[in-house]
Amino acid sequence: MSKFDEFFLGHYGERWSALFNELQKDDQKVLREVFPEGKKWDLEPFTNISHCYYPTTDLDYTKEENQEGLRSFYYMDPGSIMAAKLLDVQPGDTVLDMCSAPGGKGLVLCEALQGEGHIDLNEPSRNRRDRLKNVIRQHVPEKFRGVVSVRGQDGLNFGMKSPDTYDRILVDAPCSGERHLIHSPAELEKWSPKRSKRLAARQYGLLTSALLALKSGGTLIYSTCSISPLENDGVLEKLKSKKGELFDFVDLSGEFISMADKTEFGRLFLPDTSGYGPLFISKIRKN
Ligand SMILES: C[S@@+](CC[C@H](N)C(=O)[O-])C[C@H]1O[C@@H](n2cnc3c(N)ncnc32)[C@H](O)[C@@H]1O
């Protein structure tokens, strides 16, 4: 048995083989209408989330353009849409999307501002930042772009450089991404728990930086597309033990989010039970 199987069998038990099978299949994305203009689409609605539709093979709707020549749709996993929506951004907020490229969740946040407030979309990798800029150019209407800045910082810097600055922060952290990993036998062979531990240390750094950059009373979402407990609850467990006096966990409720497994500190969409994900989401409020 590979170290990968041994580790996840240890955590997920009997469920592991069904989960592994589901992870090998294509993910179930939906078409999300960006900055909707009230147009009626000949598509089957995905009723759990507003302005989302099941994809069709008839037409590539991701290329569909509105009157301004902008793309009308962005293709996303419903769990990812929820991670951004649960941040509950309001017009006028100051927002940080710390790990932003390619930008699907950032689009949800930009849309929620409705052109009022400010959002920093941050991505340190130049190539990925170029992709992010392209996504903004293709989807965000001119009249809403004035409140959007693209930045190229290491997320670790925000806590020191911009303390107590943001009302809302999304930390959609770089993670193991096992769904992609299992398609590469060579990568799977090389995998060891050390790899997940290293990523968890990096994620903890980004999360503490975000906590410092958050205003008192502000809220933060920590999300990953990992199934590793080290990168999900493990990171929050450490944050609670070292900085627990600074924040409280916020309960995540709602019809769709209840399809995700409840974990100690958040919710985890897994494809064998919900059909979506993997996507872990936890929300905290700074005291
Ligand atoms: C899971 S992806 C983000 C996906 C994105 N939020 C979306 O919805 O399209 C994580 C991103 O974090 C970026 N990243 C890696 N190290 C980082 C760091 N130290 N600070 C901020 N972002 C980082 C990666 O380049 C990658 O683009």
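Treat the numbers as computed from the prediction; the structure is a model and nothing was measured.

### So, the pattern of salt bridges
Item 1. On inspection of all chains with the given rule, the structure shows 14 salt bridges.
Item 2. Its salt-bridge partner being R168, residue D93 comes within 3.9 Å of it at the nearest N-O pair. Taken together, the positions of D93 in the loop between α3 (78-85) and β4 (94-97) and R168 in strand β7 (residues 166-172) put the pair 75 residues apart, joining distant regions of the chain.
Item 3. One salt bridge in this structure joins K286 and D164, with 3.2 Å as the shortest N-O distance.

### Comments concerning a positive patch on the surface
Item 1. On the surface, a cluster of positive charge is contributed by K3, K194, K197 and R198.
Item 2. Residue contributions to the positive patch peak at three residues, all from helix α10 (residues 193-213).
Item 3. By the secondary structure assignment, K3 is in helix α1 (residues 3-12).
Item 4. The exposed category is assigned to K3, whose relative accessible area is 51%.

### Here's the deal with the packing of α10 against helix α11 (residues 233-243)
Item 1. The interhelical angle for the contact between α10 and α11, taken along N-to-C directions, is 50°, at an axis separation of 10 Å. The angle between α10 and α11 places the two elements in the oblique class. Of the two possible hands of crossing, α10 and α11 adopt the one that is right-handed. For the pair formed by α10 and α11, the contact residues are A200, Q203, Y204, L207, T208 and L211 on the first element and V235, L236, K238, L239, K242 and K243 on the second.

### Quick notes on unusual backbone geometry
Item 1. For the peptide bond that leads from A101 to P102, omega is 5°, which places it in the cis range.
Item 2. Cis geometry marks the peptide bond from G277 to P278; its omega dihedral reads 5°.
Item 3. Position of P278 relative to the elements: it lies in the loop between β11 (267-269) and β12 (279-286).
Item 4. The phi dihedral of F35 falls on the positive side, at around 40°, and the residue is not glycine.
Item 5. Here F35 is to be found in the loop between β1 (30-33) and β2 (52-53).
Item 6. For F35, a relative accessible area of 7% corresponds to the buried category.
Item 7. At D88, a residue that is not glycine, the phi angle is positive and equals roughly 55°.

### Description of the layout of surface pockets
Rolled over the atoms, a probe as big as a water molecule pinpoints where empty space is left.
Item 1. In this structure, the largest pocket spans a volume of roughly 1,300 Å³.
Item 2. Taken together, 46 residues make up the lining of the largest pocket; nearest its centre are A101, P102, K105, R128 and D172.
Item 3. Breaking the lining of the largest pocket down by element, the ones donating at least two residues are β3 (73-76), α4 (104-113), α5 (126-139), β7, α8 (178-181) and α10.
Item 4. Grouping the constituent residues of the lining of the largest pocket by class yields 19 nonpolar, 14 polar and 13 charged.
Item 5. Two domains each put at least three residues into the lining of the largest pocket: domain 1 (3-26 + 78-249 + 267-286) and domain 2 (29-76).
Item 6. What the second largest pocket holds in volume is close to 180 Å³.
Item 7. In terms of lining, the second largest pocket is formed by 14 residues, of which the most central are H11, Y12, D233, T263 and L268.
Item 8. Elements supplying a minimum of two residues to the lining of the second largest pocket: α1 and β10 (261-262).
Item 9. When the residues that make up the lining of the second largest pocket are grouped by side-chain class, the tally is six nonpolar, four polar and four charged.

### A look at the sheet that holds β2
Item 1. What the three strands build is an open sheet, ordered β2-β1-β3; its pairing is antiparallel. With one partner strand each, in any of the chains shown, β2 and β3 form the two edges of the open sheet.
Item 2. Sheet analysis places β1 next to β2, joined by two bridges and oriented antiparallel. Directly across from L31, in β2, lies its bridge partner Y53.

### A word on the domain arrangement of the chain
Item 1. Taken domain by domain, the chain comprises domain 1 (3-26 + 78-249 + 267-286) and domain 2 (29-76).
Item 2. Computed from C-alpha coordinates alone, the two centres of domain 1 and domain 2 are separated by 24 Å.
Item 3. Contact with domain 1, which involves 23 residues of that partner, is made by 16 residues of domain 2.
Item 4. Buried surface at the junction of domain 1 and domain 2, summed over both partners, amounts to about 1,700 Å²; 69% is from carbon and sulfur atoms.
Item 5. Per-residue buried area on domain 1 facing domain 2 is highest for I81, E111 and H139; these three make up 35% of the total on that side.
Item 6. For the pair domain 1 and domain 2, the number of links is one salt bridge.
Item 7. In this structure, the connection of domain 1 to domain 2 is made through five residue pairs in polar contact (both at pLDDT 80 or more).
Item 8. Per-element accounting of the side of domain 1 that touches domain 2 gives the leading share, six residues, to α4.
Item 9. Looking at side-chain class alone, the side of domain 1 that touches domain 2 contains twelve nonpolar, five polar and six charged residues.

What counts as what
- Along each chain, the written sequence defines residue order, and numbers are assigned to residues from 1.
- This being a predicted model, a pLDDT of at least 70 is required before a residue's local features are given, and a value of 80 or more before pairs of side-chain atoms are given or counted; all residues contribute to the totals for chains, interfaces and linings.
- The side-chain numbers reported here are obtained from all heavy atoms of the structure, hydrogens and water having been left aside.
- Salt bridge, as used here, is a side-chain nitrogen of Lys or Arg placed within 4 Å of a carboxyl oxygen of Asp or Glu.
- Put simply, DSSP H or I for four residues or longer makes a helix, DSSP E for two residues or longer makes a strand, and each gets a number counted from the N terminus.
- Patch construction takes residues with relative accessible area above 30% that form no salt bridge. Like charges are linked within 9 Å, and nonpolar side chains (Val, Leu, Ile, Met, Phe, Trp, Tyr) are linked within 5 Å.
- Computed with the Shrake-Rupley method and a 1.4 Å probe, the accessible areas treat only the protein chains shown as cover for residues.
- When charges are counted, neither His nor the chain ends are considered; positive counts come from Lys and Arg and negative counts from Asp and Glu.
- In plain terms, the charge of a residue is placed at NZ if it is Lys, CZ if Arg, CG if Asp and CD if Glu.
- Only protein chains enter the accessibility calculation, which uses a 1.4 Å probe; a residue whose area is less than 20% of its type maximum is buried, one above 50% is exposed, and one in between is partly exposed.
- Each axis is a line fitted through C-alpha atoms, and for a helix only the stretch in contact is used; angles between axes span 0 to 180 degrees, taken between their N-to-C directions.
- Throughout this description, any angle smaller than 35 degrees is read as roughly parallel, any larger than 145 degrees as roughly antiparallel, any in the 65 to 115 degree range as roughly perpendicular, and the remainder as oblique.
- A clockwise turn of the near helix away from the far one marks a right-handed crossing, whereas an anticlockwise turn of less than a right angle marks a left-handed crossing.
- Note on contacts: a residue pair qualifies if any of its non-hydrogen atoms lie within 4.5 Å across the two residues.
- Points on a 1 Å grid over protein atoms alone make up a cavity when a 1.4 Å probe fits among them but cannot get out, and a pocket when they form an open set with protein on both sides within 12 Å along at least five of seven lines; lining residues each have an atom within 4 Å of a point.
- Grid points are joined across faces, edges and corners, and a volume is the space filled by probe spheres set on the points.
- When residues are grouped by polarity, Ala, Val, Leu, Ile, Met, Phe, Trp, Tyr, Cys and Pro land in nonpolar, Asp, Glu, Lys and Arg in charged, and all others, Gly among them, in polar.
- Here the limits of each domain have been adopted from an automatic or database domain assignment.
- Between any two strands, at least two bridges found by DSSP are needed for them to pair.
- Each of two parts loses accessible area, computed with a 1.4 Å probe, when they are put together; buried area is these two losses added.
- In the analysis that follows, any N or O atom pair within 3.5 Å is treated as a polar contact, provided that within protein one partner can donate a hydrogen and the other can accept it, and provided that, for residues neighboring in sequence, both atoms belong to side chains.

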